[in-house]
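Understanding the architecture of this molecule
So the chains spell out like this:
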Amino acid sequence: MPFAAALSEHPVAADAVGEVLGAIVERGGTEPALAVVFVSAAHAEFMGEISAAVRTVLQPETLIGTVTSAVVGGPRVVEDVPALSIWAAWARPMRGIRLTTEQVDGAAVVVGLPKDIPESATIVLVADPFSFPAQEFIDGLASIRPDVSVVGGLVSSSDAASGSTLLLDETVHRDGAIAVVVPREHLVGPVVSQGCRPVGDAMTVTAADRSYLLELAGRPALERLTELRDTLLPEDRALLAGGVHLGVAINESSDEFARGDFLVRSIIGGDRDRGVLAVGDQIPVGATVQFHVRDAVSAHDDLHELLQDVHGDGALLFTCNGRGSALFGTDDHDAAAVVDLVGTHAVAGMSCAGELGPVGGRSFLHGFTASVLVFTDS
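Residues numbered from 1 in each chain as written. Predicted model: local features only at pLDDT ≥ 70, side-chain atom pairs only at ≥ 80, totals over all residues. Heavy atoms only, no water.

Here's the deal with the overall build of the protein chain
Here is the rule we go by: What counts as a helix is a DSSP run of H or I of at least four residues, what counts as a strand is a run of E of at least two, and both are numbered from the N terminus. Radius of gyration here uses only the C-alpha atoms, and the compact-globule reference equals 2.2 Å multiplied by the residue count raised to the power 0.38. We call a residue buried when its accessible area falls under 20% of the maximum for its residue type, exposed when it is over 50%, and partly exposed in between, using a 1.4 Å probe and counting protein chains only. By definition in these notes, contact holds between two residues if any of their heavy atoms fall within 4.5 Å. Computed with the Shrake-Rupley method and a 1.4 Å probe, the accessible areas treat only the protein chains shown as cover for residues. Positive charges come from Lys and Arg, negative ones from Asp and Glu, while His and the chain ends are left out of the count. Every charge is mapped to an atom, namely NZ of Lys, CZ of Arg, CG of Asp or CD of Glu.
From N to C terminus, the protein chain includes eight helices and 26 strands. Against the globule reference of 21 Å for 378 residues, the protein chain gives a C-alpha radius of gyration of 21 Å, in line with a compact fold. Each principal axis of the C-alpha distribution contributes one length, and for the protein chain these read about 65 × 50 × 40 Å. By the burial criterion, 52% of the 378 residues in the protein chain qualify as buried. For the protein chain, contacts bridging at least 24 residues in sequence account for 78% of all contacts bridging at least 6. Of the roughly 15,500 Å² that the protein chain leaves accessible, carbon and sulfur atoms contribute 49%. Distance from the positive charge centre (23 side chains) to the negative charge centre (50 side chains) of the protein chain: 4 Å.

Printed below as a string of structure tokens:
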């Protein structure tokens, strides 16, 4: 088997890693090209011992891992209780890298990226949210290697004081990022489910100032939002009140726009006096945008639609810590969908404080998203 995954919920870390390693060896053997370890906070202090056990038993060429607030293993997403999962791949090559930042002329510059990344490869990235400029890294990579995608997430169990737990081979790091370069031939492709649906009509941005949306179709942006609210059905009006989002069209030349045609960004505030909306990104004048809402049904339908024709032999899942039971009423929604639709139990992953993945051919940092990287035995 080219890919394998296993999960343990044993409260004792030594027993948990023993259970998982036994299952991985039974399903795939030893000496994988890559092993990935996801550990809940309850086992965080034992990451060194867990790493040593994995390296001794599996002997992977590359080992990465992290501590996360929810652990994915097979069809399960285990929240708030001890859990440990391991994902292993025997497809070669899989190249581990360590990324850090340096201050150059007052700006944080990412160092450690190799120059010989294969064409159309994907970088699987796990980063500390406080010390690693994920969006800036993605933007910089896109300017020099637009063929390379980035999939992964920001660690959801870190804090500004102590940082994250980022394992690369035998070393635990607290800042920056760890990553693996995956050649294109091992991938079916990344799938990014933003979980939103559009409401109202698409409009052109006629005035904006950085992340402030001033006018839509010649009228104050907040006025357009208020106008939309008054036309919606009660259930959509309630969703809008709970959190409104803005979709920015990826392909401006389209005649019609539907779910999946937008990069979704959160609206984080408004100014009634000026009629301005603040958006969690910079929106250029001339962009086509549409208001969006998010609920469990929309998120379910979006993920299932995107995965419907995607089949593979293994998958890594990076899902927002605001999804899971908080959104769906069940812990396992995203992982169960991946296992069922992709057609493999070799699934592992983590909850994230921000997800990474491509939309419309370019990678972005997202929120409330499920980003899935599907592997194949080519």
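A word on the sheet that holds strand E2 (residues 34–40)
Just so we agree on the cut-off: In this analysis, strands are considered paired if DSSP registers two or more bridges between them. Between the N-to-C directions of two axes lies an angle of 0 to 180 degrees, each axis being a line fitted to C-alpha atoms and, for a helix, fitted only over the stretch in contact.
An order of E1-E6-E2-E3-E11-E12 is seen for the six strands of this open sheet, with the pairing classed as mixed. Two strands in the sheet have a free side with no partner beyond their single neighbour: strand E1 (3–8) and strand E12 (171–173). Within the sheet, the average angular offset between the axes of one strand and its neighbour, ignoring direction, is 15°. As judged from the three bridges shared by strand E3 (residues 62–68) and strand E11 (residues 166–168), these two strands associate in the antiparallel manner. Bridge pairing in E11 links Gly-65 to Leu-167.

Remarks on helix H6 (residues 296–307)
In an α-helix there are 3.6 residues to a turn, and that puts residues three or four apart on one side. The line we're drawing: For a helix, the expected span equals 1.5 Å multiplied by the residue count minus one. The directions considered for the arc run from the helix axis to the C-beta atoms.
In this model, H6 (twelve residues) spans 17 Å end to end at C-alpha, consistent with the 16 Å of a helix rising 1.5 Å per residue. Those residues of H6 not exposed but buried are Ser-298, Ala-299, Asp-302, Leu-303 and Leu-307. Here the buried residues of H6 occupy an arc of 145° about the axis, which is enough to place them on one side. When the buried face of H6 is taken as reference, the exposed residues oriented beyond 90 degrees from it are Val-297 and Glu-305. In this fold, the buried residues of H6 make contact with strand E14 (187–193), strand E15 (196–198), helix H7 (324–328), helix H8 (333–343) and strand E26 (370–375).

Quick look at the nonpolar core
Using the following cut-off: Only buried residues count toward a nonpolar core. Its members are Ala, Val, Leu, Ile, Met, Phe, Trp, Tyr and Cys residues joined through side-chain atoms within 4.5 Å.
Grouped together as the largest cluster of nonpolar side chains are 32 residues, with contacts concentrated most on Trp-87, Met-94, Phe-318 and Phe-375. Contact partners of Trp-87, with chain neighbours within four places excluded, come to Phe-3, Ala-4, Ala-5, Leu-34, Ala-35, Val-36, Ala-315, Leu-316, Ala-346, Val-347, Ala-348 and Phe-375.

A word on the pattern of salt bridges
Heads up, the condition is: Definition used for salt bridges: Asp or Glu carboxyl oxygen within 4 Å of a side-chain nitrogen of Lys or Arg.
Here the structure, examined in full by the defined rule, presents 16 salt bridges. The residue Arg-265 makes a salt bridge to Asp-281 at a minimum N-O spacing of 3.0 Å. Residue Arg-265 is found in strand E20 (residues 262–271), and its partner Asp-281 is found in the loop between strand E21 (276–279) and strand E22 (288–294); the two are separated by 16 residues along the sequence. In the salt-bridge network here, residues are joined through shared partners; they are Arg-219, Glu-223, Arg-224 and Glu-227.

Quick word on the side chain of His-366
On the secondary structure map, His-366 appears in strand E25 (residues 362–366). Not counting the four nearest positions on each side in its chain, His-366 is found in contact with Val-192, Gln-194, Leu-263, Arg-265, Gly-354, Glu-355, Leu-356, Gly-357 and Val-359.

Describing the side chain of Arg-224
What counts, and what does not: Two N or O atoms form a polar contact when they lie within 3.5 Å of each other; inside protein one atom must be a possible hydrogen donor and the other a possible acceptor, and for residues adjacent in sequence the pair counts only when both atoms belong to side chains.
Along the polypeptide, Arg-224 turns up in helix H4 (residues 221–231). Residue classification places Arg-224 among the buried residues on the basis of a relative accessible area of 13%. Within the structure, Arg-224 has its side chain in polar contact with the backbone oxygen of Leu-216 (distance 3.0 Å). In this view, Arg-224 contacts Met-203, Leu-216, Ala-217, Arg-219 and Phe-291; residues no more than four positions away in its chain are not counted.

Concerning H4
Taken together, the buried positions of H4 are Ala-221, Leu-222, Arg-224, Leu-225 and Leu-228. Looking straight down H4, one finds that the buried residues subtend no more than 155° of arc, so they occupy a single side. Along H4, exposed side chains directed more than 90 degrees from the buried face belong to Asp-230 and Thr-231.

None of this, on its own, says anything about what the molecule does.
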